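# Coordinate inspection notes
Spelled out, the chains give:
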Amino acid sequence: SANTSRERTSSHNNLNSSLNANRVTERWKTNLRLEGYYSDQTFDIDGDRVTSVRRDFGSSALQVRSINDHWSIGARAGASSSTYLNQRLSASFAPALEYDVYPYEESTRRQLRVQYSAGVRHYQYNDTTVYFKTQETRPTESLNLAFEQKQTWGSLDARVNGYHFLDDLGKSRLTFSGGASVRVVQGLSVNFSGNYSIIHD
């Protein structure tokens with residue numbers, strides 16, 4: 001998606017893109033994601049031109065192998081950069097253990113998953129942080145809850161994701177997100193989505 005706007009003393013450009021690939025079988029689950037965001041704003045203030053630019057890029061991969069109908073084990077990895085978050089590079093890797101209330105043979109229709117992972121995150125910053133860091137590597141653990149359901153009338157999706165640093169439990173993040181797609185008539189659906197984050201990291 002993209003949009004642009006122009007006025008006599010200001011301009012704004014925005015570009016947002018994402019690519020997701022998911023494959024789930026009775027034995028394996030693979031999730032790949034790429035996304036990018038670019039935004040620039042220019043203002044003329046008392047004859048001076050001021051420009052603000054934001055660039056965010058991210059990627060992640062999840063590979064999970066089922067042990068039986070409900071348990072699976074795997075790993076997740078990710079890399080991102082963000083001028084907004086002062087991160088030149090953020091890279092993570094963590095083994096993961098997952099339990100699905102429903103059998104994996106039903107995963108294309110419904111899932112209720114609990115996933116625990118523990119690993120490391122490495123950060124390289126564009127500028128010195130408020131904690132006087134230019135780079136650091138931190139041990140982390142996370143717990144993710146996810147519900148997905150697909151029916152003839154549409155679909156539901158709800159997630160709760162939380163993590164903290166193992167060497168500083170006070171540095172944490174908790175995110176709630178959800179969405180629904182309701183089929184009104186054939187060929188026409190109405191979509192709803194939202195998210196909320198509590199950030200202390």
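Refer to the structure printed above.
Residues numbered from 1 in each chain as written. Predicted model: local features only at pLDDT ≥ 70, side-chain atom pairs only at ≥ 80, totals over all residues. Heavy atoms only, no water.

### Overview of the pattern of salt bridges
- Going through the model one piece at a time under the given rule, you end up with 14 salt bridges.
- The residue aspartate 157 makes a salt bridge to arginine 159 at a minimum N-O spacing of 3.3 Å.
- Assessed through its relative accessible area of 27%, aspartate 157 is described here as partly exposed.
- Taking the relative accessible area as the measure of exposure, arginine 159 reaches 26% and is therefore partly exposed.
- Ionic pairing is found between aspartate 168 and lysine 171, a salt bridge with its closest N-O pair at 3.0 Å.
- Classification of lysine 171 as buried rests on a relative accessible area of 17%.
- Via salt bridges that share partners, Lys29, Glu98, Arg113, Glu148, Asp157 and Arg159 belong to a single interconnected network. (Salt bridge = Lys/Arg side-chain N within 4 Å of Asp/Glu carboxyl O. Buried < 20%, exposed > 50% of the residue type's maximum accessible area, 1.4 Å probe, protein only.)

### Section: the pairing of strand S8 (residues 135-151)
- In the sheet, strand S7 (residues 110-125) pairs with S8 via 15 bridges, with the strands oriented antiparallel. Its bridge partner being in S8, serine 117 is matched across the sheet by serine 142.
- The hairpin turn running from S8 into strand S9 (residues 154-165), its antiparallel successor, is two residues long. (Pairing = 2+ DSSP bridges. Helix = DSSP H or I, 4+ residues; strand = E, 2+ residues; numbered from the N terminus.)

### As for the packing of aromatic side chains
- Evaluation of the coordinates by the stated rule reveals four aromatic pairs.
- Ring geometry for tryptophan 71 and tyrosine 99: centres 4.9 Å apart, planes at 55°, overall tilted. Separated by 28 residues along the polypeptide, tryptophan 71 in strand S5 (residues 71-82) and tyrosine 99 in strand S6 (residues 87-100) bring together distant segments of the chain.
- Exposure remark for tryptophan 71: the relative accessible area of 38% places this residue in the partly exposed category.
- Under the relative-accessibility criterion, tyrosine 99 is labelled partly exposed at 29%.
- Taken together, the ring pairs connect Tyr123, Tyr125, Tyr163 and Phe165 into an aromatic cluster.
- Stacked on the ring of tyrosine 84, the Lys or Arg arginine 54 has its end atom at 4.1 Å from the ring centre.
- Over the ring of phenylalanine 165 we find arginine 138; its NZ or CZ atom is 4.3 Å from the centre of that ring. (Phe/Tyr/Trp six-rings, centres within 6.5 Å; stacked < 30°, edge-to-face > 60°. Lys NZ or Arg CZ within 6 Å of the ring centre and 35° of its normal.)

### A short note on the environment of serine 72
- Its place among the elements puts serine 72 in strand S5.
- On the basis of relative accessibility, which here comes to 1%, the residue serine 72 falls in the buried class.
- Sequence-wise, serine 72 and tyrosine 99 are 27 residues apart; in three dimensions their C-alpha atoms are separated by 6.5 Å.
- In contact with serine 72, not counting residues within four places along its chain, are Val64, Arg65, Ser66, Ile67, Ala96, Leu97, Glu98 and Tyr104. (Contact = heavy atoms within 4.5 Å.)

### Focus on the sheet that holds strand S10 (residues 168-185)
- One open sheet accounts for 11 strands, arranged S1-S2-S3-S4-S5-S6-S7-S8-S9-S10-S11; its pairing is antiparallel. Edge strands, defined here as strands with exactly one partner in the open sheet, are strand S1 (2-6) and strand S11 (188-199). Taking each pair of neighbouring strands and ignoring which way they run, the sheet shows an average axis angle of 10°.
- Strand direction decides the pairing type here: S1 and strand S2 (residues 10-24), joined by five bridges, are antiparallel. Of the residues in S2, the one forming a bridge with threonine 4 is asparagine 13. (Axes fitted to C-alpha atoms, helices over the stretch in contact; angles between N-to-C directions.)

Purely spatial values, then, with no claim about function.
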